[in-house]
Structure formats: C-alpha cells, structure tokens
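Below, each chain spelled out in residue letters.
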Amino acid sequence: MSGSLAASDLSVRYETPHGAVHALRHVDIEAHPGEVIGIVGESGCGKSTLVTALANLLPANARIEGSICYNGVDLAKLDADRQRLLRGDEIALVSQDPMTAFNPVLTIGDQLVDFQHHRKDLGRAQKRSRIAAMLDRVGIADAERRMDCYPHELSGGMRQRVAIAAALLTDPGLLIADEPTTALDVTMEAQIIHLLRELRREYNGIIIVVSHHLGVIAELCDRVYVMYAGEVVEGGEVDAIFHDARHPYTQALLACDPARFHERLERLPTIPGTPPNLTLPPSGCVYAPRCDRAFAPCVSVAPPLVKLSTSHVARCHAVTP
Amino acid sequence: MTPLLAVEDLSVTFARNGLLSRLINPFPLPSFNVIDGVTLSLMPGETLGLVGESGSGKTTLARTILGLVRAAAGRIVFEGREVRTPADFRAMRRRSAMMFQDPVASLSPRLRIGTLLTEPRIIQGVPMPDRRAAARALLALVGLPASFVDRFPHELSGGQARRVGVARALAMKPHLLLADEPTAGLDVSVQGDVLNLIGELQRELGFAAMIVTHNLAMIRHVSDRLAIMYLGRLVETGPTRDVFAAPMHPYTATLIQSEPVPDPRRRSRNPAVTGEIPSVFRRPSGCEFHTRCPIARDRCKTEAPACRPMGADRMVRCHFPLETGGQEREAFSRASANQRGN
C-alpha cells in the first residue's frame with residue numbers, strides 16, 4: 001500500500017538549556033508514489049531534522065508543529081504505538097553510516113528476519129528465503145552464505161546494499177535514504193546510485209534521498225527541495241533546479257560545486273559569510289546577510305513562497321513568476 | 001632544477017599478525033606490501049594530487065614520507081639529502097608539515113588555540129619572544145580573528161578548525177606541506193575557502209604541497225600533477241590537465257567516469273566499474289586491477305605490468321594503456337558502456 005506524503009507548514013524546534021533551536025520552519029513538501037524526491041543542503045540546514053520528523057524519530061526534546069499527512073493520516077498526531085507500527089510497515093530509513101546501522105553481534109540473516117517482524121503470516125524459513133532473494137536483488141553475490149556473516153565481515157559498500165535490502169524487505173510505501181553514498185568511495189557510490197535507480201523501476205512507493213552532494217541528487221531525483229537554515233528556499237523539477245535555479249542561494253550553491261568546471265580555476269567560488277544562528281532566526285529572509293541581491297525588505301520581511309510555474313517555487317523577494 | 005622531494009621504489013610492509021599470534025604461531029603468514037615500489041618526485045612550489053580509493057595506501061604513503069611509518073625498502077630524498085635515520089626524519093619534519101585528516105580530532109581538546117598554534121615551534125626549539133603575538137600572527141595569516149587564541153577546539157566550526165590546521169602546519173614555514181583529505185567533511189561553500197587559502201599561501205610562501213584525496217572534482221582545480229594509486233602502487237602519473245583530458249590507465253578512466261555529474265541532463269547509464277578494491281592481503285596476481293578492469297586480457301592475469309613512461313612527465317602501469325584514438329580506448333568505452341547522454 002502506498003500513498004502520497006505531504007508535510008505542510010511543518011516546524012520543529014529543539015528545547016535546549018540555551019533556548020529553543022528553530023531547526024525547521026514552515027516547511028511544505030509533497031511526494032507522490034513512484035517519485036524520487038531529493039533534499040539538498042549544507043550541514044545544519046535541517047535536512048536530517050526533516051527526514052527524522054517524517055520517520056517520526058525525533059528526540060524527546062523536539063516540539064513539532066504543522067502536519068505530516070501520509071495516506072490521509074496525520075503522522076504528527078498519532079500515538080507512539082501507531083507510529084511504531086507505521087515505521088515497521090510503511091516507512092523505512094537507510095541511514096548514512098552503514099557501519100553502525102546493524103547490530104554487531106547478530107548475523108545479517110538474523111537481523112533481516114527481525115526486520116520482518118510485522119509479517120506475521122510468514123514463517124522463519126519463508127522470511128529467510130525472502131532475504132536471500134532480496135540480497136540477490138541488491139547485488140550481493142552468494143546471498144545464502146552472506147546471511148550467516150556478521151556485519152564486520154562485509155565491506156562498507158556491501159553493508160549499504162544490505163541496509164537497502166533491509167529497508168525494502170518491509171515493503172515500505174516511503175523509503176528514506178539519508179546520505180546513502182557519503183561514506184562510500186566514488187566507484188561504489190556510482191554502483192549504489194545505479195542500484196537505487198534500478199530498484200525504483202519496480203518499486204511503487206516514494207523514495208526520498210537526502211544529500212549534500214549535488215551530483216548524487218542530479219543523478220537520482222525527479223524533484224528537488226533545496227534547504228537553507230531550516231527552510232525550503234526552492235523546490236521544483238530536477239531540471240529546473242539545476243538549469244533554471246531562481247533562488248540566489250541555490251544559484252550560489254550550484255556555482256560552488258567544482259565538478260561543474262572542467263578548466264582549472266585559480267580560485268574556487270565560495271559563499272561568503274556563515275549561516276544564521278537558529279536560536280534567533282532572522283525576521284526577514286534567512287539568506288539576506290549573505291545574499292548579493294538583498295535589498296531593504298529582505299532584512300525585515302520574510303519572503304513569501306513565490307510560485308514560478310506549476311511545480312517550481314522559490315522563497316525570495318527578488319524572484320517574479 | 002632538483003626536486004624538493006624524491007621517493008624512489010618505496011615499499012611499506014605490514015606484518016599480518018600481531019605480536020600475540022606470532023608468539024603462538026611459529027610459522028607466521030607472509031607479510032604484505034601496503035605500499036609497493038612507489039617512485040615519485042615533487043618540485044619546489046609544485047602541487048601534487050595523490051588520488052585513490054580508500055584502502056589504496058595514499059595516507060600510508062604520506063605518513064611514510066614524513067617518517068611516521070617505517071619504510072621496508074626504498075629511498076626518500078628531501079632537498080637533495082637522503083632521509084634514513086630517525087634524526088634525519090626529525091630534521092626533515094622541521095621543514096615539512098602534515099595536515100591530518102580530521103581537523104577537530106587532530107587538535108588536542110584541552111589546549112587553547114594559541115597554545116596549539118605555537119606548539120610546533122616549542123617542540124622544535126625555535127626561540128619565540130612573545131608566544132601570544134606569534135599565535136595572533138598565525139591566525140591573521142589564515143584569516144581568523146585574534147580573539148581565537150583563547151578558544152578551545154570544540155568552539156570552532158569545521159571550516160575554522162581546518163584553518164587552524166593550516167596555520168599550525170605553516171607555523172614552521174615549511175618547504176613541503178602534506179595535506180591528508182583537507183576538505184573531507186566540509187560543505188562545498190567552505191571547501192573552496194580552505195583550498196583558496198592554501199593556494200594563496202602557497203603563492204606567497206612558495207612551499208610545495210602534496211594533497212591526498214579521493215575527491216577528483218576538487219583536485220582537478222588545485223593540483224599541477226596527479227598520481228593515481230591503486231592497492232599500494234602508482235598506476236598513473238602526469239600533469240593534471242592531461243590526465244583528466246586523456247586518462248591512460250583504465251582505473252583512472254573509471255574513477256573519472258564514476259564521479260556523479262551535477263547535471264540531470266547528463267546522467268550516467270551504467271557504473272563504469274563493478275566490485276570493490278580488493279584487500280592488500282589478497283592482492284590479485286598479475287595486474288592488481290585485472291579483477292575489475294573492463295578491458296583485461298589473459299596477459300593481465302599473470303604478468304604484472306611495469307611502469308611505462310608515456311612521453312614527457314607521464315607514466316602508466318598497464319599492458320594496454322588507453323592512447324588517444326587507440327583501439328584500447330575504443331574497447332574501453334565500449335566495455336564500460338558509460339557514455340553520458342548529450
């Protein structure tokens with residue numbers, strides 16, 4: 001069963017001894033079955049807070065406002081037990097570090113059997129044969145034997161494949177991959193990108209890929225949300241984001257990527273300044289202090305989300321449809 | 001011009017077994033070459049990029065050059081003199097510096113930035129009349145405010161910690177800077193800052209740099225020459241521009257092709273290479289890349305290729321190097337079937 005996901009006016013703040021940190025502010029995103037959604041931004045922009053909110057895994061000091069509608073149900077308002085059931089059954093998360101995603105003292109096979117705990121209709125032998133088929137599917141040779149391995153016996157790339165297999169075993173309607181290739185070498189990264197792209201052909205749910213790597217997002221996603229300082233500053237089709245970026249931050253971020261230049265540059269482009277302190281988010285545009293196109297209203301008035309086309313939006317005073 | 005640093009036929013061997021198992025097992029397993037026959041040189045003021053996947057031995061090579069790991073065979077010549085004894089290495093380290101991979105972890109958490117910056121001079125016994133002024137001068141060099149002398153490492157951001165790392169490496173005015181993954185874990189907008197800073201200081205102070213990295217997109221802009229490593233051996237060296245324009249070793253070509261392109265209109269079709277870098281403990285016979293090479297032939301499985309000079313300043317270690325317009329290159333592009341659209 002897979003349905004659409006829509007977060008509207010979603011805000012998350014963390015209560016800390018030094019005051020509240022407004023990690024996510026008024027975020028609107030939507031995703032439909034069969035889509036691959038990319039969430040891109042630099043460290044501290046709130047992309048991990050967003051996906052942990054979607055997976056209902058926020059720490060106890062987080063306060064959540066707004067709604068996350070999945071399949072017509074508001075996840076933010078469910079009680080803990082219903083949330084947990086949903087995570088096993090409908091929502092799966094592939095974490096950044098394939099090293100710590102598994103229990104080191106249990107074999108891969110045993111852990112993947114446990115991942116299917118919600119499938120009460122299957123016996124252990126059936127679960128194991130599903131695992132073997134899924135491991136084979138994600139490109140692990142000799143799957144039967146690999147099931148008896150402990151996590152440390154597998155390489156980083158293989159562990160990431162197993163983590164993807166584990167997520168898919170639950171038949172999730174929503175698969176979240178948080179920095180799925182960051183810990184891997186470039187040759188393995190290309191293979192995991194290829195694997196995810198192949199898997200989506202036969203998978204009907206939503207895939208959300210979070211990355212700071214623009215190349216990974218461009219290779220994988222259909223639609224992209226660009227985040228900065230806890231806000232979605234621009235969203236649209238992947239081609240519009242990479243070829244017709246309108247928000248000054250998106251443009252600056254794209255311009256910084258050295259992979260875009262083939263001739264040697266004497267100076268690499270950068271974005272001067274630092275992101276704002278999220279305990280006291282600015283009242284105007286969050287990017288105004290670093291923006292070279294900022295004018296008077298940017299400092300005092302929060303910019304509206306401007307609709308540039310049916311699917312392309314940007315949160316900026318300077319853009320016009 | 002004589003090279004600042006010349007490494008000749010350098011090998012590093014790690015024993016497979018620890019002390020305990022050697023005591024128990026009277027017939028120890030053979031030891032393994034982590035670095036095998038590496039020859040390279042670095043001219044004064046030049047920037048060399050040392051590139052490879054994790055497990056290729058690039059960090060070990062950098063550490064061996066500074067004497068932090070002992071070489072089993074080969075020669076290291078620094079400023080025209082061979083470096084052999086621990087005293088030689090100590091003297092060499094006075095004129096060279098290393099930036100370690102993790103910027104925060106490489107700064108002692110209980111020392112203030114001012115102390116950390118001047119520590120190299122204390123260790124080397126350089127007279128310093130005013131320690132705080134020296135620290136402030138180093139901070140100014142890397143564009144950090146003087147108030148940072150009293151801060152602790154945990155109070156810095158990743159980019160600031162990296163700048164402190166640069167300042168500390170330059171405290172002894174080195175002739176050689178070895179930077180191990182200087183941009184790992186940094187955002188793209190900050191990565192450029194750190195690299196621009198190293199580049200500016202290099203032009204100003206004239207030191208040579210060796211940058212160890214797996215980030216091809218970055219190294220293409222900051223290095224003059226490249227050395228590509230695979231399983232402890234150099235497989236290709238040459239001027240950066242030439243290597244990117246026409247890689248000769250199939251491994252170099254697959255690395256360049258594997259890099260994701262930030263353009264959805266030019267998506268790759270298939271991964272250029274499958275499988276993973278083998279362990280040095282189970283080094284494949286013949287050419288070590290034959291297990292993953294798209295154009296490997298029978299000869300590659302049995303016979304290890306020798307270093308072949310390819311014109312001025314280029315070397316490749318391959319039986320069938322990809323020459324421009326040659327049949328190997330065509331076979332390679334067919335085999336890897338990874339031509340990007342557009």
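Worth saying up front: this structure is predicted, and the values here are computed from it rather than measured.

## As for the overall build of chain B
Moving on, step 1. Broken down by element type, chain B carries 12 helices and 12 strands.
Moving on, step 2. For chain B, whose C-alpha radius of gyration is 22 Å, the value lies close to the compact-globule estimate of 20 Å for 342 residues.
Moving on, step 3. With the C-alpha coordinates aligned to their principal axes, the bounding extent of chain B is approximately 65 × 60 × 45 Å.
Moving on, step 4. Here chain B holds 342 residues, and the buried ones make up 46% of them.

## Side note on the overall build of chain A
Moving on, step 1. Helix and strand content of chain A: 11 helices and 12 strands.
Moving on, step 2. Relative to the compact-globule value of 20 Å for 321 residues, chain A shows a C-alpha radius of gyration of 21 Å, a close match.
Moving on, step 3. Taken along the three principal axes of its C-alpha coordinates, chain A extends 65 × 50 × 40 Å.
Moving on, step 4. Counting all 321 residues of chain A, 47% fall into the buried class.
Moving on, step 5. Partitioning the intrachain contacts of chain A with sequence separation of at least 6 by distance along the chain shows that 63% fall at a separation of at least 24.

## Here's the deal with the UniProt feature "domain: ABC transporter" (unreviewed entry) in chain A
Moving on, step 1. In the numbering used here, UniProt assigns the feature "domain: ABC transporter" (unreviewed entry) to residues 5-254 of chain A.
Moving on, step 2. For residues 5-254 of chain A, the helix share is 38%, the strand share is 28%, and the end-to-end C-alpha distance is 27 Å.

## Describing the sheet that holds strand β1 (residues 5-16) of chain A
Residues and elements named next belong to chain A.
Moving on, step 1. Spatially, four strands are ordered β2-β1-β4-β5 in an open sheet, and the strand pairing comes out antiparallel. The sheet is open, and its two borders are formed by β2 (19-31) and β5 (73-74), each paired with just one other strand.
Moving on, step 2. By the bridge criterion, two bridges tie strand β4 (residues 62-70) to β5 in an arrangement that is antiparallel. Each bridged residue has a counterpart across the sheet, and for tyrosine 70 the counterpart in β5 is valine 73.

## Structural notes on the environment of A:Val216
Moving on, step 1. Position of A:Val216 among the secondary structure elements: in helix α8 (residues 214-220).
Moving on, step 2. A:Val216 sits 101 residues away from A:His317 along the chain, and the two C-alpha atoms are 29 Å apart.
Moving on, step 3. The residues touching A:Val216, leaving out its near neighbours within four places in the chain, are A:Thr181, A:Ile193, A:Ser211 and B:Pro260.

## Some details on helix α10 (residues 250-258) of chain B
Residue pairs spaced three or four apart in an α-helix point in one direction, given the helix's 3.6 residues per turn.
Moving on, step 1. Across the nine residues that make up α10(B), a large majority, eight, are buried.
Moving on, step 2. Taken together, the buried positions of α10(B) are B:Pro250, B:Tyr251, B:Thr252, B:Ala253, B:Thr254, B:Leu255, B:Gln257 and B:Ser258.

## Here's the deal with the interface of chain A and chain B
Interface size is often expressed as the accessible area that is lost when the parts come together.
Moving on, step 1. The interface of chain A with chain B comprises 37 residues on the first partner and 33 residues on the second.
Moving on, step 2. Looking at the side of chain A that touches chain B, the elements that each hand over two or more residues are α7 (186-202), α8, α9 (238-243) and α10 (248-256) of chain A.
Moving on, step 3. Considering only residue class, the side of chain A that touches chain B consists of 18 nonpolar, 10 polar and nine charged.

## Considerations on the pairing of strand β8 (residues 206-211) of chain A
Residues and elements named next belong to chain A.
Moving on, step 1. Taken across its six residues, β8 has six buried, putting it largely inside the fold.
Moving on, step 2. Of the two faces of β8, both are covered, the one formed by Ile206, Ile208 and Val210 as well as the one formed by Ile207, Val209 and Ser211.
Moving on, step 3. Here strand β3 (residues 36-40) pairs with β8 via five bridges, running parallel. Opposite valine 40, over in β8, you have serine 211 as the bridge partner.

## Digging into the nonpolar core
Moving on, step 1. Ranked by size, the top nonpolar core spans 192 residues in total, and within it A:Ile176 and A:Ile208 carry the most contacts.
Moving on, step 2. The contact partners of A:Ile176, leaving out residues within four places of it in the chain, are A:Val51, A:Leu54, A:Ala55, A:Leu93, A:Val94 and A:Ile208.

## A look at the sheet that holds strand β9 (residues 223-228) of chain A
Residue and element names in this part refer to chain A.
Moving on, step 1. Taken in spatial order, the eight strands of this open sheet run β6-β7-β8-β3-β9-β10-β12-β11, and their pairing is mixed. Both outer strands of the open sheet, β6 (91-94) and β11 (305-307), are each paired with one neighbouring strand and no more. Ignoring which end each strand starts from, the neighbouring axes of this sheet average 20 degrees apart.
Moving on, step 2. Bridge analysis of β3 against β9 gives four bridges, and the strand direction is parallel. Note on β9: the bridge partner recorded for valine 40 is valine 226.

## Points about the packing of helix α3 (residues 108-115) of chain A against helix α6 (residues 156-169) of chain A
Residues and elements named next belong to chain A.
Moving on, step 1. Put simply, α3 and α6 touch, their axes get as near as 9 Å, and they point 25 degrees apart. Considered as vectors, α3 and α6 are oriented roughly parallel to each other. Relative to α6, the crossing made by α3 is right-handed. Residues Ile108, Leu112 and Phe115 of α3 form the contact with α6, whose own contacting residues are Val162, Ala166 and Leu169.

## Some words on helix α4 (residues 124-137) of chain A
Residues and elements named next belong to chain A.
Moving on, step 1. The end-to-end C-alpha separation of α4 is 20 Å, in line with the 20 Å expected for 14 residues at 1.5 Å each.
Moving on, step 2. Here α4 has its buried residues at Ile131, Met134 and Leu135. Angular distribution of buried residues about the axis of α4 spans 100 degrees; they occupy a single face of the element. Facing away from the buried side of α4 by over 90 degrees, the exposed positions are Ala125, Gln126 and Ala133.
Moving on, step 3. Considering only its buried residues, α4 is in contact with α3, α5 (143-146) and α6.
Moving on, step 4. Two residues or fewer past α4, glycine 139 is found with a positive phi of approximately 90 degrees.

## Things to note about unusual backbone geometry
Residue and element names in this part refer to chain A.
Moving on, step 1. Here aspartate 171, not a glycine, exhibits a phi torsion of approximately 50 degrees, which is positive.
Moving on, step 2. Position of aspartate 171 among the secondary structure elements: in the loop between α6 and β7 (174-178).
Moving on, step 3. Since 18 C-beta atoms lie within 10 Å of it, aspartate 171 is described here as partly exposed.
Moving on, step 4. For glutamate 179, which is not glycine, the phi torsion reads 50 degrees and is therefore positive.
Moving on, step 5. Mapped onto the fold, glutamate 179 is located in the loop between β7 and α7.
Moving on, step 6. Given 20 C-beta atoms within 10 Å, glutamate 179 falls into the buried group.

## Remarks on the pairing of β4(A)
All names here are of chain A.
Moving on, step 1. Where β1 lies against β4, eight bridges are found, and the strand directions are antiparallel. Pairing of leucine 5 across the sheet is with tyrosine 70, part of β4.
Moving on, step 2. Taken together, β4 and the strand that follows it, β5, pair antiparallel across an intervening segment of two residues, in which asparagine 71 is found at a positive phi of about 60 degrees.

## Some points on the environment of B:Ala87
Moving on, step 1. Mapped onto the elements, B:Ala87 comes out in helix α3 (residues 86-94).
Moving on, step 2. In this structure, the C-alpha to C-alpha distance between B:Ala87 and B:Leu178, residues 91 residues apart in sequence, is 20 Å.

## With respect to the environment of B:Val51
Residue and element names in this part refer to chain B.
Moving on, step 1. With respect to the helices and strands, the residue valine 51 is situated in strand β3 (residues 47-51).
Moving on, step 2. For the pair valine 51 and arginine 151, spaced 100 residues apart in sequence, the C-alpha separation works out to 34 Å.
Moving on, step 3. If sequence neighbours within four positions are ignored, valine 51 has contacts with Thr213, His214, Leu216, Ile219, Leu226, Ile228 and Met229.

Reading guide: rules and limits
Residues numbered from 1 in each chain as written. Chains lettered and ligands numbered in written order. Predicted model: local features only at pLDDT ≥ 70, side-chain atom pairs only at ≥ 80, totals over all residues. Helix = DSSP H or I, 4+ residues; strand = E, 2+ residues; numbered from the N terminus. Rg over C-alpha atoms; globule rule 2.2 N^0.38 Å. Buried ≥ 20, exposed ≤ 12 C-beta atoms within 10 Å, placed from the backbone. Contact = placed C-beta atoms within 7 Å. UniProt positions renumbered as here; feature names shortened; annotations may be inferred. Pairing = 2+ DSSP bridges. Nonpolar A, V, L, I, M, F, W, Y, C, P; charged D, E, K, R; others polar. Core = buried A, V, L, I, M, F, W, Y, C linked by C-beta atoms within 7 Å. Axes fitted to C-alpha atoms, helices over the stretch in contact; angles between N-to-C directions. Parallel < 35°, antiparallel > 145°, perpendicular 65-115°, else oblique. Left-handed = near helix turned anticlockwise from the far one by under 90°. Expected span 1.5 Å × (residues − 1). Arc of directions from axis to C-beta.

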